Amino acid sequence: MPDYTLEHAHGGRVAGVDEVGRGPLAGPVVAAAVMFPGSVPDVLADRLDDSKKLKPALRARLYDVLLASPDVLIGVGAASVAEIGQYNILRASWLAMQRAVGRLPRSPEFILVDGNAAPDFGCPAQCVVGGDGISLSIAAASVVAKVIRDRLMARLARRWPAYGWERNAGYGTAIHRAGLLAQGASPHHRAAFGTVRRILQASVSPSSPPSAEQPSC
């Protein structure tokens, strides 16, 4: 279980940063920054963990507690599908992280980032591989980012129901791939991703004549 050891070691205002959504075939990448200016509430210290390890119901409850607590500072940022295509997924993830830190109500003095690389935040930072299972601040950020992104994809699924986003959050599950093959891409798909391109190419029969919707190349 994550704890507050790293935060105590650095002292001062330490923010944990994590992102969700590098791997999906559709939707934005979302990042969160979380800072505990005082002590971590017991209900969070006892239950926070890597968001992927938490059951959805518990994850949602912890998210509600984080947002409702006056002792928790939260910033959220995202990078769009267009930005992912323009910059690549890594740089888009960094952009989302920078936006999240910039939206914290107070500026951090030090940042703990999940992963092995980080953008320039304008203050010292430390990369922590597997940080969402080590640092409480990073674990909190992972919960916030995942809940927000999952809910966003569920809302998008109501307009684009063929891909099962309410269940797969845009990841390349069998249902999602079948929807891509049958319906083609939505505006929310990451067209620059190789997997998306290959599925779309497979959906076009080589023997089909070219048309306005299916240009030859």
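Residues numbered from 1 in each chain as written. Predicted model: local features only at pLDDT ≥ 70, side-chain atom pairs only at ≥ 80, totals over all residues. Heavy atoms only, no water.

A. Structural context of the pattern of salt bridges. In the structure shown here, the tally under the stated rule is eight salt bridges. Residue Glu-166 is joined to Arg-167 by a salt bridge in which the shortest nitrogen-to-oxygen separation is 2.5 Å. Through salt bridges with shared partners, one network takes in Asp-50, Lys-52 and Asp-132. (Salt bridge = Lys/Arg side-chain N within 4 Å of Asp/Glu carboxyl O.)

B. Molecular detail of the layout of surface pockets. Each pocket or cavity is described by its volume, and for the largest pocket that value is around 280 Å³. Lining the largest pocket are 20 residues, and of these Asp-18, Glu-19, Val-20, Gly-21 and Lys-52 sit closest to its centre. Those elements that place two or more of their residues in the lining of the largest pocket are β1 (14-20), α5 (89-102) and α6 (136-159). Counting residues per element, the lining of the largest pocket draws most heavily on α6, at four residues. Tallied by class, residues from the lining of the largest pocket come to six nonpolar, five polar and nine charged. (1 Å grid on protein atoms, 1.4 Å probe; cavity = no way out; pocket = protein on both sides within 12 Å on 5 of 7 lines; lining within 4 Å. Points joined across faces, edges and corners; volume = space filled by probe spheres on them. Helix = DSSP H or I, 4+ residues; strand = E, 2+ residues; numbered from the N terminus. Nonpolar A, V, L, I, M, F, W, Y, C, P; charged D, E, K, R; others polar.)

C. Quick peek at the state of the cysteines. By the definition in use, this model includes zero disulfides. The thiol of Cys-123 is unpaired, and the distance to the nearest cysteine sulfur, on Cys-127, comes to 12 Å. (Disulfide = S-S within 2.5 Å.)

D. Seen up close, the pairing of β1. Counting buried residues in β1 gives seven out of seven residues, a clear majority hidden from the surface. On β1, burial covers both faces: Val-14, Gly-16, Asp-18 and Val-20 on one face and Ala-15, Val-17 and Glu-19 on the other are all buried. Alignment of β1 against strand β4 (residues 110-114), held across four bridges, turns out to be parallel. Along β4, the bridge assignment pairs Val-17 with Val-113. As paired strands, β1 and strand β2 (residues 29-35) are joined by six bridges and run antiparallel to one another. Each residue of the ladder has a partner; that of Val-20, found in β2, is Val-30. (Buried < 20%, exposed > 50% of the residue type's maximum accessible area, 1.4 Å probe, protein only. Pairing = 2+ DSSP bridges.)

E. Representation of the nonpolar core within the structure. With 31 residues, the main nonpolar core has Met-97 and Trp-165 as its most contacted residues. Elements represented by at least two residues in this core include exactly β1, β2, β3 (73-79), α5, β4, α6 and α9 (194-202). The biggest single contributor to this core is α5, with six residues. When neighbours within four sequence positions are excluded, Trp-165 is seen to be in contact with Ala-26, Met-153, Leu-156, Ala-157, Trp-160, Gly-170, His-176, Ser-186, His-188 and His-189. (Core = buried A, V, L, I, M, F, W, Y, C linked by side-chain atoms within 4.5 Å. Contact = heavy atoms within 4.5 Å.)

F. Local environment of the packing of helix α8 (residues 174-183) against α9. In contact at an axis separation of 8 Å, α8 and α9 are set at 50° when each is read in the N-to-C sense. Regarding the angle of α8 to α9, the classification is oblique. Like other packed secondary-structure pairs, α8 and α9 cross with a definite hand, here right-handed. Across the interface between the two elements, Arg-177, Leu-180 and Leu-181 from α8 touch Thr-195, Ile-199, Leu-200 and Ala-202 from α9. A per-class count over the contact of α8 with α9 returns five nonpolar, one polar and one charged. (Axes fitted to C-alpha atoms, helices over the stretch in contact; angles between N-to-C directions. Parallel < 35°, antiparallel > 145°, perpendicular 65-115°, else oblique. Left-handed = near helix turned anticlockwise from the far one by under 90°.)

G. Representation of the packing of aromatic side chains within the structure. By the definition in use, this model includes two aromatic pairs. Between Tyr-4 and Phe-36, the ring centres sit 6.2 Å apart and the planes meet at 70°, which makes this aromatic pair edge-to-face. Here Phe-36 lies in the loop between β2 and α2 (42-45) and Tyr-4 lies in the segment before α1 (5-10), a separation of 32 residues in the sequence. Of the two residues, Tyr-4 and Phe-36, both sit in the buried class. Centre to centre, the rings of Tyr-163 and Trp-165 are 5.1 Å apart; their planes meet at 20°, and the pair counts as stacked. Across the pair, Trp-165 and Tyr-163 agree in class, each one buried. (Phe/Tyr/Trp six-rings, centres within 6.5 Å; stacked < 30°, edge-to-face > 60°.)

H. Expanded view of the packing of helix α3 (residues 56-68) against α6. For the pair α3 and α6, the least separation of the axes is 9 Å and the interaxial angle reads 110°. Taken together, the axis directions place α3 and α6 in an arrangement best described as roughly perpendicular. In this structure, the crossing between α3 and α6 has a hand that is left-handed. Touching Arg-59, Ala-60, Leu-62, Tyr-63 and Leu-66 of α3 are Ala-140, Val-143, Val-144, Lys-146, Val-147, Ile-148, Asp-150 and Arg-151, all from α6.

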